[in-house]
Amino acid sequence: MDGVDGLGIALIEAALLLAATVQGASGLGFNLTSAPLVNAIMPGPASVGLINLFALLQNAWLVIRERGRIRWRVFRIMGPALAVGVGIGFAMVRLIPDAAMPILVAVSALGSLVTLIAWRATPGPAEGAIAGVWSGAINTYAGVGGPPVASYLISQGWPHGDFLRTMQVVFIGIDIVSLPILGLPALPWWFYAIGVGCLLAGTAIGSLLRHRLTQRKAVLLSRTVIAIAAVVSLVYSTASLMG
């Protein structure tokens, strides 16, 4: 089972449940929470492919569920940049040893969290190109490239429904392209079935939390969990590499 024992599978499913809860509570954070944890347990590109697969399911569900107009014109700016970024991410997958990947994924998650908090993009084409290359590369290699695209799309000033649906379509595209590059781990079918259940359960739990917390507290909670997951994964992966 791709070198993962029963405990490892249970921990991966728990990471998916936690990540989906964070996403359901605050509207962000599935990849940022799950990718460092899963890659620390099961190092290698296939673990990022696994996260991108579940993210693809979640993105597709949001496109169907939410209301709003998909702003296709943004792809004239971001499309070529995203393609360049995916190419860079593919080169990183090929050139960087798998043993170093968990550390780089954890560092990338922390960097993306800082971007989410600190970067205030402007709506111009130059920043759209930067966000596209950045997100395409980091999402393909580490699965955590959401914040640059999110920051750029927020700067457009669209209604929330338009922003949310357009962003999901961007990531559906990246995830579909990245899956053949990254592959999927050789895990039994029931693992994926349970994973979908964790995705649905976590989203439901997060929705309940969202109704009990203010938006500010929900965002603070999600950022705290993302930071803890990345730091724990970074410490564990560094210790494993050195030991």
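Residues numbered from 1 in each chain as written. Predicted model: local features only at pLDDT ≥ 70, side-chain atom pairs only at ≥ 80, totals over all residues. Heavy atoms only, no water.

### Digging into the nonpolar core
Nonpolar side chains in soluble globular proteins tend to end up buried together. Which entries qualify depends on this criterion: Buried Ala, Val, Leu, Ile, Met, Phe, Trp, Tyr and Cys residues that are joined via side-chain atoms within 4.5 Å together make up what is termed a nonpolar core. Each residue is assigned to one of three classes by its accessible area relative to the maximum for its type, calculated with a 1.4 Å probe on protein chains only: buried under 20%, partly exposed between the two thresholds, exposed over 50%. A helix here means a DSSP run of H or I that spans at least four residues, while a strand means a run of E at least two residues long, and both kinds are numbered starting from the N terminus. Only heavy atoms matter for contacts: two residues are in contact if any of them lie within 4.5 Å across the pair.
Membership of the largest hydrophobic core comes to 44 residues, with the highest contact counts inside it found for F30, L50, F54 and F191. Here this core gets 8 residues from one element, more than from any other, and that element is helix α3 (residues 45-65). Look past the residues within four positions of F30 in its chain and what remains in contact with it is L16, A19, A20, Q23, I51, F54, A55, Q58 and L199.

### Here's the deal with the layout of surface pockets
This is how it is decided: Put simply, the grid is 1 Å and covers the protein atoms alone, a cavity is a trapped set of points that fit a 1.4 Å probe, a pocket is an open set with protein on both sides within 12 Å along at least five of seven lines, and lining residues have an atom within 4 Å of a point. Grid points are joined across faces, edges and corners, and a volume is the space filled by probe spheres set on the points. For this classification, Asp, Glu, Lys and Arg are treated as charged, while Ala, Val, Leu, Ile, Met, Phe, Trp, Tyr, Cys and Pro are nonpolar and the rest, including Gly, are polar.
The calculated volume of the largest pocket comes to roughly 1,200 Å³. Lining the largest pocket are 46 residues; nearest its centre among them are Q23, G27, L28, L164 and M167. Every element with two or more residues in the lining of the largest pocket is listed here: α1 (6-26), α2 (30-41), α3, α7 (146-154), α8 (160-182), α9 (189-212) and α10 (215-242). For the lining of the largest pocket, the residue count by class is 22 nonpolar, 18 polar and 6 charged. Looking at the second largest pocket, the residues that line it are L11, A14, A15, L18, L37, A40, I41, V232, S233 and Y236. Put simply, the parts of the chain that give the lining of the second largest pocket at least two residues each are α1, α2 and α10. Take the lining of the second largest pocket: its biggest share by element is 4 residues, from α1. Class assignment for the residues of the lining of the second largest pocket results in 9 nonpolar, 1 polar and no charged.

### Some details on the environment of A55
Within the fold, A55 resides in helix α3. Each C-alpha atom of the pair A55 and F171 lies 8.4 Å from the other, and the pair is 116 residues apart in sequence. For A55, the residues in contact, after removing those within four places along its chain, are F30, N31 and D175.

### With respect to the packing of α2 against helix α5 (residues 101-118)
What counts here: Only the stretch in contact is used when fitting a helix axis, every axis being a line fitted to C-alpha atoms; angles between N-to-C directions are given from 0 to 180 degrees. Working rule for angles: under 35 degrees goes down as roughly parallel, over 145 as roughly antiparallel, 65 to 115 as roughly perpendicular, anything else as oblique. Crossing handedness: left-handed means the near helix sits turned counterclockwise from the far one by under a right angle, and right-handed means the same turn made clockwise.
At a minimum axis distance of 8 Å, the contact between α2 and α5 shows a crossing angle of 165°. Relative to α5, the element α2 is oriented roughly antiparallel. Crossing geometry of α2 relative to α5 is assigned as left-handed. Listed contacts from α5 to L32, A35, P36, N39 and A40 of α2 are M101, P102, V105, A106, A109 and S112.

### A word on the side chain of T166
Within the element layout of this structure, T166 appears in helix α8. Taking relative accessible area as the criterion, T166 reaches 0% and is therefore assigned buried. In contact with T166, not counting residues within four places along its chain, are R69, I70, R71, V74, F75, L153 and W158.

### A closer look at the packing of α5 against α7
Packing of α5 against α7 brings their axes to within 8 Å, and their N-to-C directions diverge by 15°. In terms of axis orientation, α5 runs roughly parallel to α7. Crossing geometry of α5 relative to α7 is assigned as left-handed. Each of S112, T115 and L116 in α5 lies in contact with α7, whose residues at this interface are P147, P148 and S151. A class-by-class count of the residues in the contact of α5 with α7 yields 3 nonpolar, 3 polar and no charged.

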